[in-house]
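# Summary of the model geometry
Residues per chain are reported as follows:
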Amino acid sequence: AQTVTQSQPEMSVQEAETVTLSCTYDTSESDYYLFWYKQPPSRQMILVIRQEAYKQQNATENRFSVNFQKAAKSFSLKISDSQLGDAAMYFCAYTISNFGNEKLTFGTGTRLTIIP
Amino acid sequence: DAGVTQSPTHLIKTRGQQVTLRCSPKSGHDTVSWYQQALGQGPQFIFQYYEEEERQRGNFPDRFSGHQFPNYSSELNVNALLLGDSALYLCASSLATGNAQYFGPGTRLTVT
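I will try to describe carefully the structure that is included in this document. Since we're looking at a predicted model, the values are computed, not measured.

The rules behind each value
Residues numbered from 1 in each chain as written. Chains lettered and ligands numbered in written order. Predicted model: local features only at pLDDT ≥ 70, side-chain atom pairs only at ≥ 80, totals over all residues. Heavy atoms only, no water. Pairing = 2+ DSSP bridges. Helix = DSSP H or I, 4+ residues; strand = E, 2+ residues; numbered from the N terminus. Axes fitted to C-alpha atoms, helices over the stretch in contact; angles between N-to-C directions. Phe/Tyr/Trp six-rings, centres within 6.5 Å; stacked < 30°, edge-to-face > 60°. Contact = heavy atoms within 4.5 Å. Buried area = accessible area lost by both parts, 1.4 Å probe. Salt bridge = Lys/Arg side-chain N within 4 Å of Asp/Glu carboxyl O. Polar contact = N/O pair within 3.5 Å; in protein donor to acceptor, adjacent residues only side chain to side chain. Nonpolar A, V, L, I, M, F, W, Y, C, P; charged D, E, K, R; others polar.

Before going further, it helps to examine the sheet that holds strand β8 (residues 74-78) of chain B. Residues and elements named next belong to chain B. Taken in spatial order, the 4 strands line up as β1-β3-β8-β7 in an open sheet, and their pairing is antiparallel. Both outer strands of the open sheet, β1 (5-7) and β7 (64-68), are each paired with one neighbouring strand and no more. This sheet shows a mean twist of 20 degrees between the axes of neighbouring strands, independent of strand direction. As defined by bridge partners, β1 adjoins strand β3 (residues 19-24) across 3 bridges and the pair is classed as antiparallel. Pairing of Ser-7 across the sheet is with Arg-22, part of β3.

Right, dumping it as structure tokens:
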């Protein structure tokens, strides 16, 4: 069974600084998708960034980027120029799929606090 | 462009009762997935519907059932509610050929 592990229950960062959230996963598959979702206190899960396993290039979305290490089964999220609105629970997720739209397996989350 | 919508926002039920939660997918999406998120945990996959059929199912008992309508909207039904069913229930929609799921705001179910 696929598992996703987030070893940092809580992280904090000064506003405008950079923070990295860690995620590791276990799978025997070669084709899969990885995601980072953000869940603010409003509860709605918001897609932050996705990475296709067959792509070697790390995904980037504005201030958010990932460090995808396939051999190490590691998928970390870097947030640059942290803003107060970045405060939320961040979940790493995995899906075994050719399309990335099937069953998502989530980690337990990392609570990110932004210090003004 | 409307995103994923869910109703109701909050719900309080008594043990043993039955509940129905509703979800309308994002415009253009044809696949709906349901997740249960207990307090302080990551979401757990319940099942996914595509073309009005259950396509995938997670490790949930038969008390959890669902339905998808021709307009792609979906319902999640839970029978014989237990205290442990108290959770945030999230609906996510996607395209069958898409590469991401988009979530609704969730329904908070409290079982007393």
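Counted by the stated rule, this structure contains 16 aromatic pairs over all chains. When the centroid spacing of 6.2 Å and the interplanar angle of 85 degrees are considered together, the rings of Phe-91 of chain A and Phe-106 of chain A count as edge-to-face. Of this pair, Phe-91 of chain A sits in strand β10 (residues 88-95) while Phe-106 of chain A is found in strand β11 (residues 105-106), placing the two residues 15 residues apart along the sequence. Consider the rings of Phe-106 of chain A and Phe-103 of chain B, whose centres lie 6.2 Å apart with planes at 70 degrees: the pair is edge-to-face.

Now for the interface of chain A and chain B. By a widespread convention, an interface's size corresponds to the accessible area lost as its parts come together. Of the residues lining the interface, 20 residues belong to chain A; the matching set on chain B comes to 29 residues. Roughly 1900 Å² of surface becomes buried between chain A and chain B when both sides are summed, with 47% attributable to carbon and sulfur atoms. Taken together, chain A and chain B are joined by 0 salt bridges. Put simply, chain A and chain B have 8 residue pairs in polar contact (both at pLDDT 80 or more) between them. The dominant element in the side of chain A that touches chain B, judged by the number of residues it contributes, is strand β5 (residues 33-39) of chain A, at 4 residues. Here the side of chain A that touches chain B is built from residues that sort into 9 nonpolar, 6 polar and 5 charged.

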